[in-house]
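Summary of structural features
Take a look at the letters that make up each chain.
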Amino acid sequence: DAAQTEALIARCKDAGIDEADIIETDSDFLYVVRNDELIIAQAWPADDLSVVSQTQLEGQPIGEYLLGDRLTIISRSADDGWMQLHDPEPATSLQ
């Protein structure tokens, strides 16, 4: 129910648990994960907003974390086993 969900969110925030995002910022730069690409844009000053880097990523990005000067991107691919574990198609039996 809604009260349980709100309590869980509050506990995660209190514990300092971060959730993956598709946009991070360090006040000077924006780090944006879009499709299979990381885009880094200079965000300050706002009048000079510009893309400074575009990098192709392996797999399907699902989120990113920024801590200090380190950006971590989490992605998945069909080869990592995730797709097989969550494939809605039934497995074929070997007979």
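Residues numbered from 1 in each chain as written. Predicted model: local features only at pLDDT ≥ 70, side-chain atom pairs only at ≥ 80, totals over all residues. Heavy atoms only, no water.

Going from W44 to P45, the amide bond is cis rather than trans, its omega being 0 degrees. Among the structural elements, P45 can be located in the loop between β3 (37–42) and β4 (50–56). The phi angle at S27 is positive, at roughly 85 degrees, despite the residue not being glycine. Of note, S27 is situated in the loop between β1 (23–25) and β2 (29–34). Overall, S27 belongs to the exposed group, its relative accessible area being 58%. With phi around 55 degrees, N35 is a residue other than glycine that occupies positive phi space. With respect to the helices, strands and loops of the structure, N35 is situated in the loop between β2 and β3. (Helix = DSSP H or I, 4+ residues; strand = E, 2+ residues; numbered from the N terminus. Buried < 20%, exposed > 50% of the residue type's maximum accessible area, 1.4 Å probe, protein only.)

This next bit is on the pattern of salt bridges. All told, the structure shown has one salt bridge when counted by the stated rule. In this structure, R34 and E37 form a salt bridge, with 3.5 Å as the shortest nitrogen-oxygen distance. (Salt bridge = Lys/Arg side-chain N within 4 Å of Asp/Glu carboxyl O.)

The subject of this paragraph is the packing of aromatic side chains. A full pass over the atoms with the stated rule returns one aromatic pair. A ring pair is formed by F29 and Y31, whose centres lie 6.5 Å apart and whose planes are at 45 degrees; its orientation type is tilted. (Phe/Tyr/Trp six-rings, centres within 6.5 Å; stacked < 30°, edge-to-face > 60°.)

Before going further, it helps to spend a moment on the environment of Y31. Turning to its location among the elements, Y31 is positioned in strand β2. Sequence separation between Y31 and S53 is 22 residues; the distance between their C-alpha atoms is 9.5 Å. If near-sequence neighbours (up to four positions away) are discounted, Y31 is found in contact with I22, I23, E24, T25, D26, L38, I39, I40, E64, L66 and L71. Here the side chain of Y31 touches D26 through a polar contact of 3.0 Å, side chain to side chain. (Contact = heavy atoms within 4.5 Å. Polar contact = N/O pair within 3.5 Å; in protein donor to acceptor, adjacent residues only side chain to side chain.)

Scored by pLDDT, the protein chain has a mean of 77; 65% of the residues are at 70 or more. By mean pLDDT, the top-scoring element of the protein chain is β4 (93), and the lowest-scoring one is helix α2 (residues 82–85) (54). (pLDDT = per-residue confidence, 0-100.)

One open sheet holds the four strands; their spatial order is β1-β2-β3-β4, and the pairing between them is antiparallel. The outermost strands of the open sheet, each flanked by one partner alone, are β1 and β4. Mean inter-strand twist for the sheet, computed between neighbouring axes without regard to direction, equals 15 degrees. Across six bridges, β3 lies against β4 in antiparallel orientation. Paired with I39 across the two strands is Q54, which belongs to β4. (Pairing = 2+ DSSP bridges. Axes fitted to C-alpha atoms, helices over the stretch in contact; angles between N-to-C directions.)

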